[in-house]
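# Architecture and fold: a report
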Amino acid sequence: MTTTSLTPAAPPASPPKRQLRRQRRDWRGWAFVAPFMVVFALMIIAPVVYALYLSLFRQQLIGGNAFVGLDNYIAVLQDGKFWESFGRVALFLVVQVPIMLALSLIAALALDSARLHGAGFFRIALFLPYAVPGVVAALIWGFIYGDQFGLTASVNHLLGTQLAPLSGQWILGSIGNIVTWEFMGYNMLIFYAALRVIPGELYEAAEIDGAGAFRTVFSIKLPAVRGAIVIATIFSIIGSFQLFNEPNLLKQLAPNAISSYFTPNMYAYNLSFAGQQFNYAATVAIVMGVVTAVIAYVVQLRGSRKELR
């Protein structure tokens, strides 16, 4: 009978130093994004936090800045001027955004069709208004709209008409025309970029199947740009609720048609700088920010679901 001696198992080899170094957290990526994070914190997060702080207080004649909790938010929800301005930009959103996006999509499809002569010229011409600053665009169109001077006055004098684009009846449509002129090229470029990345094999397969131009548009191109349409819609919603430059500049030309609370942003601006009601103005801004974020999120969620289908 023989006995075998059991030798103890050798301890596991320790990982090499290089592997330990790899397992350590690498902070170099954070160093690259640190400048952006600092600017983002100072320019975005800090103002929002300060606005939230201001919205919880109210400046009183006796006692100074007093904590009032949610009283400012309750006052905003009961403010008729706020709801009137909100309804105006909501109407502007419902009417202007679909028109602008439809025109942008038609322009992008025309440029992508390869049947448009001088496509490069039209692409630059449509995008050029976006390069014009919003203040300059509003001043240009304000001169065009003026019924006492400019193009509209000349047309009225020549034809004997009484066109008044800056009247209370037409002012919202006139502003919508300015915004469409400004941002149609921007949205067109988004759609055009989405169309350019569609694989050529899809077009070849459609041609083999005998699909015509309209069938190709509805079966290939439109489904392919659905994500771009959702993005452009979200941007347009945010821009509509932030409407400020155009009505604020045209107010000098149409003081009877554009009030100090024509849009929520104008209302908050005039409350803050003209009325010195900084706390209430901050509350209006916070409420509009929340409403805009909720609506944009709902649109994004619905668009994502349709795209996954």
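For the structure itself, consult the block above.
Remember, predicted model here, so these are calculated numbers, not experimental data.

Let us now look at the overall build of the protein chain. Scanning the protein chain from N- to C-terminus turns up 14 helices and two strands. Taking 19 Å as the expected radius of gyration for a compact globule of 309 residues, we find that the protein chain reaches 29 Å, considerably beyond that expectation. Expressed along its principal axes, the backbone C-alpha trace of the protein chain runs to roughly 125 × 80 × 30 Å. Burial statistics for the protein chain: of 309 residues in total, 34% are counted as buried. In the protein chain, of all internal contacts separated by at least 6 residues, the share reaching a separation of at least 24 is 65%. About 20200 Å² of surface is accessible on the protein chain, with carbon and sulfur atoms providing 66% of the total. Each charge class in the protein chain can be summarised by its mean position, and for the 21 positive and 13 negative side chains these summaries are 13 Å apart.

A few words on the packing of aromatic side chains. Summed over all chains, the structure comprises 18 aromatic pairs. Three or more aromatic residues joined by ring pairs make a cluster, and in this case those are Y50, Y53, F57 and F67. The aromatic ring of F262 is capped on one face by R88, whose charged end is 4.6 Å from the ring centroid.

Within helix α7 (residues 150-159) the residues assigned to the buried category are G150, T152, A153 and N156. Angular distribution of buried residues about the axis of α7 spans 140 degrees; they occupy a single face of the element. Away from its buried face by more than 90 degrees, α7 exposes L158 and L159. Against the buried residues of α7 lie α6 (134-145). In the stretch just after α7, G160 is the one whose phi turns positive, near 75 degrees.

Another aspect to go through is the pattern of salt bridges. The final tally for this structure, using the stated rule, is three salt bridges. When the shortest N-O distance is used, the salt bridge between R196 and D112 registers 3.3 Å. Of the two residues, R196 is situated in helix α8 (residues 171-196) and D112 in helix α4 (residues 80-112); the sequence distance between them amounts to 84 residues. According to the relative accessible area criterion, R196 is exposed, its value standing at 53%.

Okay, α4 next. Spanning 33 residues, α4 covers 47 Å between terminal C-alpha atoms, matching the ideal 48 Å at 1.5 Å per step. Considering bend angle alone, the principal kink of α4 is centred on Q96 and spans about 30 degrees; proline P98 follows within four residues of it. If you check the start of α4, you find a side-chain oxygen 3.0 Å away from the backbone N of K81, and it comes from D79. At the C-terminal side of α4, A114 shows a positive phi close to 65 degrees.

With that out of the way, let us pick up the side chain of E182. Considering the arrangement of structural elements, one finds E182 in helix α8. For the buried E182, which has no salt bridge, the nearest side chain bearing the opposite charge is R88, at an N-O separation of 17 Å. Apart from residues lying up to four places away in sequence, E182 is in contact with P129, Y130, G134, A137 and E246.

With that settled, consider the packing of α6 against α8. Interaxial distance between α6 and α8 falls to 10 Å at its minimum, and their mutual angle equals 135 degrees. Of the possible angle classes, the one that applies to α6 and α8 is oblique. As α6 packs across α8, the resulting crossing turns out to be right-handed. Counting all contacts with α6, which are made through G134, A137, W141 and Y145, the residues of α8 involved are S174, N177, I178, W181 and E182.

Comment: phi is negative for the bulk of residues other than glycine, and the bulk of peptide bonds are trans. Positive phi, close to 60 degrees, is recorded for Q276, a residue that is not glycine. Along the chain, the position of Q276 falls in the loop between α13 (264-273) and α14 (278-308).

Moving on, we come to the nonpolar core. In terms of nonpolar packing, the biggest core is built from 44 residues, with F82, F191, F241, Y267 and V284 touching the most fellow members. Where this core is concerned, the elements lending two or more residues are α2 (28-55), α3 (71-77), α4, α8, α10 (213-224), α11 (226-241), α13 and α14. Here the element with the most residues in this core is α4; it accounts for 12 residues. Beyond its immediate chain neighbours, meaning those up to four positions away, F241 contacts F86, V89, L93, N265, M288, T292 and I295.

Conventions and cut-offs
- Residues numbered from 1 in each chain as written.
- Predicted model: local features only at pLDDT ≥ 70, side-chain atom pairs only at ≥ 80, totals over all residues.
- Heavy atoms only, no water.
- Helix = DSSP H or I, 4+ residues; strand = E, 2+ residues; numbered from the N terminus.
- Rg over C-alpha atoms; globule rule 2.2 N^0.38 Å.
- Buried < 20%, exposed > 50% of the residue type's maximum accessible area, 1.4 Å probe, protein only.
- Contact = heavy atoms within 4.5 Å.
- Areas by Shrake-Rupley, 256 points an atom, 1.4 Å probe, with all protein chains shown as cover.
- Lys, Arg positive; Asp, Glu negative; His and termini not counted.
- Charge placed at Lys NZ, Arg CZ, Asp CG, Glu CD.
- Phe/Tyr/Trp six-rings, centres within 6.5 Å; stacked < 30°, edge-to-face > 60°.
- Lys NZ or Arg CZ within 6 Å of the ring centre and 35° of its normal.
- Arc of directions from axis to C-beta.
- Salt bridge = Lys/Arg side-chain N within 4 Å of Asp/Glu carboxyl O.
- Expected span 1.5 Å × (residues − 1).
- Bend = angle between axes of the 7 residues up to and from the residue.
- Polar contact = N/O pair within 3.5 Å; in protein donor to acceptor, adjacent residues only side chain to side chain.
- Axes fitted to C-alpha atoms, helices over the stretch in contact; angles between N-to-C directions.
- Parallel < 35°, antiparallel > 145°, perpendicular 65-115°, else oblique.
- Left-handed = near helix turned anticlockwise from the far one by under 90°.
- Core = buried A, V, L, I, M, F, W, Y, C linked by side-chain atoms within 4.5 Å.

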